[in-house]
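# An overview of the molecular structure
These are the residues of each chain, in order.
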Amino acid sequence: MLGGALAVAVGAAIIAKPSPEKLLHRMILDEQRDRAQSVLDKIPEARQTRRETFYDIVRLWLIRGTMDMNKPEEAARLFERVRTLWNKKPDEILERELAILLPMIGDESLAEKQLGEIIPSLDKRREKIFIRTLQDAALSAKNPGVAALGREIAAQGTSMTIPEAVETAELWNWAGRPDKALALLDLQVKDAARPQPKNDDYNRVRVQLLRASNDNFQAFDFLVAWRRMRTGTPEEKEIVGHLVDAGLAAQRQEEVSREFQSWADEHPDDLQTLSKLADICAAALHMDEAVAALRKAVTLEPGNLPLRKKLANFLEWDNHPAEAFREYAHIAAEGDLSVLPRMLSLNTGLYEDAVLLQSLESAFLKHPKDIILLKTLAQAMVKAGRYTDAEARLRDYLSAVPTDIAAWVEHAQLCRVMELFPEAEKSLLRALKLRPNTSTELSLAEVEYYLGEYRKSFQHFKSLAAKVPSPALITAYVGAAEALGDLEDWVAAREMLMVSGVKLIPQDYQRLAYGHAQLGDRTKHIRVLESGIRAFPEHSDMRIQLVWALVASGKHSQALTVLDGEPHNRTGQTWLGLRLRLLLLTNRHQEALTMIRDPILRPLLEEPSLAMEAARVCLKTGHLDEAAARIRSILPSLREDPEPHLLLADILLRQGQTQAVLALLSQAPPLTTPEHLAEAARLYTSAGRPRNAESCLRRAVAQAPHDYRAWGAYGDLLLNRGQKPAAREAYRLAIDKIRNPQQSVGN
C-alpha cells in the first residue's frame, strides 16, 4: 500500500509541475527578467525551435528590459519587430509589449496610426487590458497624450461617460494639450460650456483647462455660473477662490470685486476674507473700500500686527499719510521695528519728529545692540534738527560699522551743516579710501575750499573735471582756479566750460578772452571774441572789445569791418569815435571827412572826445583851421587833459605858429604819461627847443624803461644834437627792449 501511495504522490507532483512556456509566461506578466533569462538558458534548442514564435516573444521582452528608455529610436525598432510578430499571430503578451513600447517612441502621429490599427481588432476584454497597460506605460514615459489617444480611439462610435471624458481630458492636459482636452469635452459632454450640476470633478477640470488655455475670461463666466449652482455649499469657498484668480487674470477687477463683496457680506467676521477683499478692491483701484475692509479686520483682531501693517500700507496708497504714520507707530511700539523706515519716509511731509523719535528711542532702549536701528535713529535726529545728538550717534554707528561708505558720507554732510569742516574732511577721506567716488571727491573738494586749503581743493576739482566734465564740476574748477589766482588753469577751466554743454552767456566769452589777453595770446583772444560775436551778434560791448583787440594787433581793416557789423547802436559815442579813428588808420580820410560833416552827426560830434577825433580827421585832410576851431571849442571843458592841448599844438605847428605852440605847451596840464611826454618832445624839437625836448624824453624813459619807442626817440634827439655816444647807448637800449621787453634798465 505504501508503494501505491508513493506512486500516486509522485504522479500528482509531475502533473502539477508547470511547463517552461507557462513558467516564462508568468514571469513576463510579473516582469521577472533575471529569472526568465535563467530559465530560457536551460531550455533545449529543439524545444525552442518547435515553439519559435513564443520564444521570439520572450527574447523581445528580454531585449526591452535592457533598452535605454531615453532612446526613442531603439523603442521604435523594437516596436516594429513586436508588431511584425503580432501581425503573424495576435497575442496578449505582444499586445502588452506594443502598449508599453508605443509611448516610449514619442511620436504622436505614429501612435495615432498604430493605435487606430491595433485597438479596433481587439475584443472588449483585451481592449480594456491594452488601454490600461497603455495608460500606465504612457504615464511612466511622461507621454500621457498617447494614453489619451488610445482612450479616444477606443471610444469611437460610442459615447464616453462624463468621468471617462474627464479622465481623458486630464491626460491631454498633462500632455500640455488643453486645446485637445477642451475639444474632447465639447464632443463628449452635453452642454459642455456650462457647469454640470451633478459633477464638480468635470467643473474643476473644465476651469483648469480654460485657464491652462489662457482663456480666463470664459473661465470666469463658467465659475460665476458654477457658484450660482453651489451657493451655500462647502464647495462655494473653493469656487470663489478660483473665480477671483481667473477674474483678476482676465482684468475683470470690477466684477471680481462685486462677486467677492457678496461673499464677504456672508462672512463678515472672517479675517482671511476681509484681507482678501482688501486686495481685490485695491486691484480694482477702490482704495476706500480696501481700507474699510482692513479697518474692520483690525477691529476684529487688534493685535494682528501683519494685518495692521497691511492697513498702514493701504493708507499710504490711499493718500492718508498721517493715519498710516500712526498705524506704523503703533506697530513699532509693539516691537516690530521693520516699519521704522516707512515712518522715517512719511515723516518728511508730516513733521511728526517727536513721535518718530519717541518710537526710535524707545526701540533703541529695547535693542541697544541693533546697529541698523542706531543708524536710523541718527538719521531721524538729523531730520529733527538735533544735530549734536545725531553726530554722536553716527560716530557710535561708524565705530561699529567702519565699512559703511554711505554712513561716512552722511556724517560728513552733517558735519558740514554744523560747520565742523575738519571732521567732515576726515569722514570724506575715509569714504574715499573705502571706495573712490566722484560725488564724494566733489564734497571733499568743497570742504577743503571752506577750510582754505585751496591748492588741495583745486587739484580735486581739476581731477574731477577731467574725469567727469560736467558743467557743475567745471564751474567749481573755474572758481578754485580763480581763488588760487592761477591764470593758466583758470583759462583752461573756462575753455572746458565752453564745450561742456552748459548754456553760455556773452560774459563767458568775454572772460575767456580776457584770460587769453592776460596770458599774452592775442590770437586766441581775438578768436574767442569772434566766436562770441557769432553766438551773440547783437552784443555791442563784446563787439567793441573785439574791435580794440584787432586794433591792438594792427588789423585795422578787419576791425572796421567788425565795427560796421553793429546792428543797432551806430550813433553811440564809442562807436562813432572808433569808426573815425579806424577810417584814419585805414587811410579812408575822405570818408571820415564826409562822416564828420553829416548834419545828423554834427550835434553828436560836439562831445569832447568825439570833437578831438573830428579834429584829427580835419588835420589829416588839411583842414587846419577847422581842426583848430574844433579843439578850441572843447578846451574849456578839458583844462586838465593834456591830449587836446598837444593836438592843438600840433595843428598850430603845421600852421607855422611856433610861438603859439610854445605858449600852449607852457600852459598845458602836467604831462604824466610816456606817450604825452614823447609827443611834447616832438613838438619842442620841431619848434626849435631841443633842451625842452630832451627833458621830456628823459622823463619818458624814466617812466617807461621798457618802452623801446621812447628810447628810440631819445636816441634820435641825441644824434641830432651831435651826442653820438649817448645816442648809440640809447639805440642799444631800444634794441635791448625789443629783445627783452621785461628787463629793467635801472637808473
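Just so it is clear, the structure is predicted and the values come from calculations on it, not from any experiment. (Residues numbered from 1 in each chain as written. Predicted model: local features only at pLDDT ≥ 70, side-chain atom pairs only at ≥ 80, totals over all residues. Heavy atoms only, no water.)

Scanning the protein from N- to C-terminus turns up 44 helices and zero strands. For the protein, the spread of C-alpha atoms along the three principal axes comes to 190 × 70 × 60 Å. Long-range contacts, defined as pairs at least 24 residues apart, comprise 49% of the intrachain contacts of the protein with a sequence gap of at least 6. Only carbon and sulfur atoms are counted for the fraction: they give 52% of the accessible area of the protein, which is about 39,200 Å². Averaging the coordinates of the 97 positive side-chain charges in the protein and doing the same for the 101 negative ones gives two points 6 Å apart. (Helix = DSSP H or I, 4+ residues; strand = E, 2+ residues; numbered from the N terminus. Contact = heavy atoms within 4.5 Å. Areas by Shrake-Rupley, 256 points an atom, 1.4 Å probe, with all protein chains shown as cover. Lys, Arg positive; Asp, Glu negative; His and termini not counted. Charge placed at Lys NZ, Arg CZ, Asp CG, Glu CD.)

Before going further, it helps to spend a moment on the packing of aromatic side chains. Scanning all chains against the criterion turns up five aromatic pairs. Considering the side-chain rings of tyrosine 509 and phenylalanine 536, the 6.1 Å spacing of their centres and the 70 degrees angle between planes classify their relative orientation as edge-to-face. A residue pair is termed long-range when its members are at least 10 positions apart, and tyrosine 509 in helix α31 (residues 506-518) and phenylalanine 536 in the loop between α32 (522-535) and α33 (540-552) qualify at 27 residues. For tyrosine 509, a relative accessible area of 10% gives the class buried. Pairing tryptophan 711 with tyrosine 714 gives two aromatic rings, centres 6.4 Å apart and planes at 55 degrees, and the pair type is tilted. One end of the pair is tryptophan 711 and the other is tyrosine 714, both in helix α43 (residues 708-720) and three residues apart, which spans about a single turn. Across the pair, exposure class does not vary: tryptophan 711 and tyrosine 714 are buried alike. A cation sits over an aromatic face here: lysine 180 above tryptophan 172, 5.2 Å from the ring centre. One residue, arginine 709, lies across the ring of tyrosine 708, its end atom 5.8 Å from the ring centre. (Phe/Tyr/Trp six-rings, centres within 6.5 Å; stacked < 30°, edge-to-face > 60°. Buried < 20%, exposed > 50% of the residue type's maximum accessible area, 1.4 Å probe, protein only. Lys NZ or Arg CZ within 6 Å of the ring centre and 35° of its normal.)

With that settled, consider the pattern of salt bridges. On inspection of all chains with the given rule, the structure shows 46 salt bridges. For aspartate 736, the salt bridge is made with lysine 737, and the minimal N-O distance between the two is 3.4 Å. Lysine 737 carries the same exposure label as aspartate 736, and that label is buried. Here the salt bridges do not stand alone but share partners, grouping Arg227, Arg228, Glu236 and Glu259 into one network. (Salt bridge = Lys/Arg side-chain N within 4 Å of Asp/Glu carboxyl O.)

Turning our eyes to something else, we now look at helix α30 (residues 487-498). Over its twelve residues, α30 extends 16 Å from the first C-alpha to the last, a length consistent with the 16 Å expected when each residue adds 1.5 Å. Those residues of α30 that sit buried are Asp489, Trp490, Val491, Ala493, Arg494, Leu497 and Met498. Of the surrounding elements, those touching the buried residues of α30 are α28 (454-467), α29 (471-484) and α31. (Expected span 1.5 Å × (residues − 1).)

Looking now at α28. With 14 residues, α28 should reach 20 Å at 1.5 Å per residue; the first-to-last C-alpha distance of 20 Å fits that figure. Tucked inside the fold, the buried residues of α28 contact α27 (438-450), α29 and α30.

Let's shift gears to the packing of helix α24 (residues 387-400) against helix α25 (residues 405-417). Axis separation between α24 and α25 bottoms out at 10 Å; the angle between their running directions is 155 degrees. In terms of axis orientation, α24 runs roughly antiparallel to α25. Crossing of α24 against α25: the hand is left-handed. Where α24 abuts α25, its residues Tyr387, Ala390, Glu391, Leu394, Arg395, Tyr397 and Leu398 lie against Ala407, Trp408, Glu410, His411, Leu414, Cys415 and Val417. For the contact of α24 with α25, the per-class residue count stands at ten nonpolar, one polar and three charged. (Axes fitted to C-alpha atoms, helices over the stretch in contact; angles between N-to-C directions. Parallel < 35°, antiparallel > 145°, perpendicular 65-115°, else oblique. Left-handed = near helix turned anticlockwise from the far one by under 90°. Nonpolar A, V, L, I, M, F, W, Y, C, P; charged D, E, K, R; others polar.)

Moving on, we come to the environment of alanine 329. For alanine 329, the location among the structural elements is in helix α20 (residues 321-333). Alanine 329 gets classed as buried once you look at its relative accessible area, which sits at 14%. Along the primary structure alanine 329 and methionine 343 are separated by 14 residues, whereas in three dimensions their C-alpha atoms are 7.4 Å apart. Contacts of alanine 329, omitting those with residues within four sequence positions, involve Met343, Val355 and Ser359.

What follows concerns the side chain of arginine 494. Take arginine 494: it is sitting in helix α30. For arginine 494, a relative accessible area of 8% translates into the label buried. Dropping the residues within four chain positions of it, arginine 494 is found in contact with Val478, Asp508, Arg511 and Leu512.

Okay, the packing of helix α36 (residues 589-596) against helix α37 (residues 608-620) next. A pair of packed helices is characterised by two quantities: the angle between their axes and the separation of those axes. It is the contact of α36 with α37, at a shortest axis distance of 9 Å, that shows an interaxial angle of 135 degrees. In terms of their interaxial angle, α36 and α37 are classed as oblique. Where α36 crosses over α37, the two elements pack in a sense that is left-handed. Across from His589, Ala592, Leu593 and Ile596 in α36, the residues of α37 making contact are Ala614, Val617, Cys618 and Lys620. Of the residues contributing to the contact of α36 with α37, the split by class is six nonpolar, one polar and one charged.

Another aspect to go through is the nonpolar core. By size, the foremost hydrophobic cluster in this structure holds 123 residues, and its most contacted members are Leu115, Phe130, Phe314, Tyr328 and Met343. The element best represented in this core is helix α7 (residues 92-105), accounting for nine residues. Beyond its immediate stretch of four places on either side in the chain, tyrosine 328 contacts Ala312, Asn313, Glu316, Val339, Arg342, Met343 and Leu346. (Core = buried A, V, L, I, M, F, W, Y, C linked by side-chain atoms within 4.5 Å.)

Mean pLDDT over the protein stands at 85; residues scoring 70 or higher make up 93%. When mean pLDDT is taken per element in the protein, α25 scores highest with 93 and helix α1 (residues 2-16) scores lowest with 44. Taken together, the stretch residues 1-15 has pLDDT below 50 and engages in zero contacts with residues farther than four places along the chain or on a different chain. Scored below 50 in pLDDT, residues 743-747 makes nine contacts in the model with residues more than four places away or belonging to other chains. (pLDDT = per-residue confidence, 0-100.)

Time to look at a nonpolar patch on the surface. A contiguous nonpolar patch, built from Val382, Tyr387 and Val417 and spanning about 230 Å² of accessible area, is present on the exposed surface. Within the secondary structure, tyrosine 387 sits in helix α24. (Patch = residues over 30% accessible without salt bridge, like charges linked within 9 Å, V, L, I, M, F, W, Y side chains within 5 Å.)

Another point: unusual backbone geometry. The phi dihedral of asparagine 319 falls on the positive side, at around 65 degrees, and the residue is not glycine. Residue glutamate 419 is not a glycine yet carries a positive backbone phi of 60 degrees. Mapped onto the secondary structure, glutamate 419 falls in the loop between α25 and α26 (421-434). On the basis of relative accessible area, glutamate 419 is assigned to the exposed category, the value being 60%.

On to the side chain of serine 275. In this structure, serine 275 sits in helix α17 (residues 271-283). Judged by relative accessible area, serine 275 falls into the buried class, the value being 16%. For serine 275, the contacting residues outside a window of four places in its chain are Leu294, Leu307 and Lys310.

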